[in-house]
Amino acid sequence: MTTNSSPQLWLYDTTLRDGTQREGLSVSIEDKLRIARRLDQLGIPFIEGGWPGANPKDVQFFWQLQEDPLKQAEIVAFCSTRRPNSIAATEPMLQDILAAGTRWVTIFGKSWDLHVTTGLKTTLEENLAMIRDTIEYLRSQGRRIIYDAEHWFDGYKHNRDYALQTLEAAIASGAEWLVLCDTNGGTLPHEISQIVQDVVQVTGDWVSGTGDWELGTRKDSSQSPMPQIGIHTHNDSEMAVANAIAAVMAGAKMVQGTINGYGERCGNANLCSLIPNLQLKAGYSCITEDQLTQLTEASRFVSEVVNLAPDEHAPFVGRSAFAHKGGIHVSAVERNPLTYEHIQPEQVGNRRRIVISEQSGLSNVLAKARSFGIELDQQKAEAREILQRLKDLESEGFQFEAAEASFVLLMHEALGGRQKFFEVKGFQVHCDLIEGKETSNALATVKVAVDGKNILEAAEGNGPVAALDAALRKALVNFYPQIATFDFTDYKVRILNGHTGTAAKTRVLVESGNGRQRWTTVGVSTNILAASYQAVVEGLEYGLLLHSQAEAALKASS
């Protein structure tokens, strides 16, 4: 927990540059702007926007932020040092950096002698000159510099003296931050800790005048603060978050990472894990407590914008991060959440969930019912009947962990209060598959009873489930106009016993929504159409139940 005296830690988000290097992730200019503004609201102090000049998208991104700046965050342009044997002042890519109009610029340079000689194909001394010349030029143009020491830890381990000389060059030229990068993601936490401690000690000696200083007087030392240390880690060894925390404990004051850990190969340090760990557990001040409660929403917002499914099991922000399934666990959490929760879910904007499955005990059923406004008496038979019915259905292949709407309907039925909005008397589906055509047409006919009146309707669709859904809606919409607002948002099919071939049992999960809420229903059968029918019908029924409850609440409040 942070206090007014908590040490300040600076967050640097690189989702819009390093994060977009993830395979399969692509964003438009509008996407980048939306994410940048959401990170600004979250309180991230530094947001790396991209490499101006590398592509037209990034150029336009920086132009638009010049017209409509962020509220509190510093937008940062990213670039490499100048090319070998050139002059920074005449380097075209640095002119693009200046045109971006940012106060802060992050420059990355080579720390590992192997990359200098084999990658850049230049001398070690020329690499130092590239660092000095680039930073000095940008400083002369009024820019403040964050220096990313690329491949720092590998370079340090192979040639400590030369790696430290690259930092000397950056400090002498006026860099305000030295960010140590575990670019290959192969370093372990104990190595990170030892190396960062060494860098903090050596650079402290340099600037205090007690250590060996080989590169002369520091440029603009009267106009810029003495440099501080930052950390940038990758997750190739599943150590990015642990390594970043180890670096902070060793003296780093800036942490670079991405939302949801997006990044090239195995990703970057995940800010959605780093922020709560550092703030709630290590006592650092990263963002305000109110902003911290927006973390889960921000995580899901970014995943939606980049069109990647959220990681339901992600620490802190995942849907299952505070989900409890075992009956003993649920019983204990109901008495005291500390028994199975390391923080309060609300601190990061998440919530506790009680999962219903065949492993559930009575505590799960009671807690889940309570979350839907249904009070069950554990002394009465109904609660145990619901539990037994749940276990019987799950043994047949039903899954209520991901289909809470179906479980609510099951509870109402067991309590004798399941409202009969309509009754399906039967349906038929006919499909035409024409040889040579990639698509097929389907025709569904349904017979439905509403308030004792039978309705027979037919509808077409591009497949049997679509046709069946269309026919049901057509039959019911005159009685329940709100059905027109219901949409399918997801449809999942799973084969439960594939060894039986085409006779296998099928489970269908259908996610529906009304523009404000989403709910999931389940159907199971050896006939995929019958399983889909169960899930579709219950999806419509649950949507009508939500509408009925909303109307009742509105009447009660008026």
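Refer to the structure presented above.
Residues numbered from 1 in each chain as written. Predicted model: local features only at pLDDT ≥ 70, side-chain atom pairs only at ≥ 80, totals over all residues. Heavy atoms only, no water.

Q: Report on unusual backbone geometry, specifying residues and quantitative values.
A: With phi around 60 degrees, E238 is a residue other than glycine that occupies positive phi space. By the secondary structure assignment, E238 is in the loop between β7 (228-233) and α9 (240-249). One non-glycine residue, N307, adopts positive backbone phi at about 65 degrees. Here N307 lies in the loop between α12 (295-305) and β9 (323-324). (Helix = DSSP H or I, 4+ residues; strand = E, 2+ residues; numbered from the N terminus.)

Q: Let's hear about the pairing of strand β6 (residues 177-182): which residues, and what values?
A: Here β6 lies mainly inside the structure; six of its six residues are buried. Here β6 shows a buried face lined by W177, V179 and C181 and a second buried face lined by L178, L180 and D182. In the sheet, strand β5 (residues 144-150) pairs with β6 via four bridges, with the strands oriented parallel. Bridging from a neighbouring strand, D148 pairs with V179 of β6. Of the strand pairs in this sheet, β6 and β7 are connected by six bridges, and their pairing is parallel. (Buried < 20%, exposed > 50% of the residue type's maximum accessible area, 1.4 Å probe, protein only. Pairing = 2+ DSSP bridges.)

Q: I'd love a proper account of empty space enclosed by the protein, names of residues and values included.
A: Across all of its chains, the model carries two cavities of 30 Å³ or more by this definition. In this structure, the largest cavity spans a volume of roughly 40 Å³. Around the largest cavity, the lining residues are R473, F486, D487, F488, S512, W519, V536, G539 and L540. If you list the elements that add at least two residues to the lining of the largest cavity, you get β14 (487-495) and α18 (528-557). The element that contributes the greatest number of residues to the lining of the largest cavity is α18, accounting for three residues. For the lining of the largest cavity, the per-class residue count stands at five nonpolar, two polar and two charged. (1 Å grid on protein atoms, 1.4 Å probe; cavity = no way out; pocket = protein on both sides within 12 Å on 5 of 7 lines; lining within 4 Å. Points joined across faces, edges and corners; volume = space filled by probe spheres on them. Nonpolar A, V, L, I, M, F, W, Y, C, P; charged D, E, K, R; others polar.)

Q: Break down the packing of aromatic side chains for me, citing the residues and quoting the values.
A: Applying the stated criterion across every chain yields a total of 12 aromatic pairs. A centroid spacing of 5.3 Å and a plane angle of 85 degrees characterise the contact between F46 and W104, whose relative ring orientation is edge-to-face. Here F46 is found in strand β2 (residues 46-50), whereas its partner W104 is found in strand β4 (residues 104-110), with 58 residues between them in sequence. A ring pair is formed by W51 and F108, whose centres lie 6.0 Å apart and whose planes are at 80 degrees; its orientation type is edge-to-face. Taken together, the positions of W51 in the loop between β2 and α2 (56-67) and F108 in strand β4 put the pair 57 residues apart, joining distant regions of the chain. Residue classification places W51 among the partly exposed positions, given a relative accessible area of 24%. Through pairs of rings, three or more aromatic residues link up here, namely W10, Y12, F46 and W104. (Phe/Tyr/Trp six-rings, centres within 6.5 Å; stacked < 30°, edge-to-face > 60°.)

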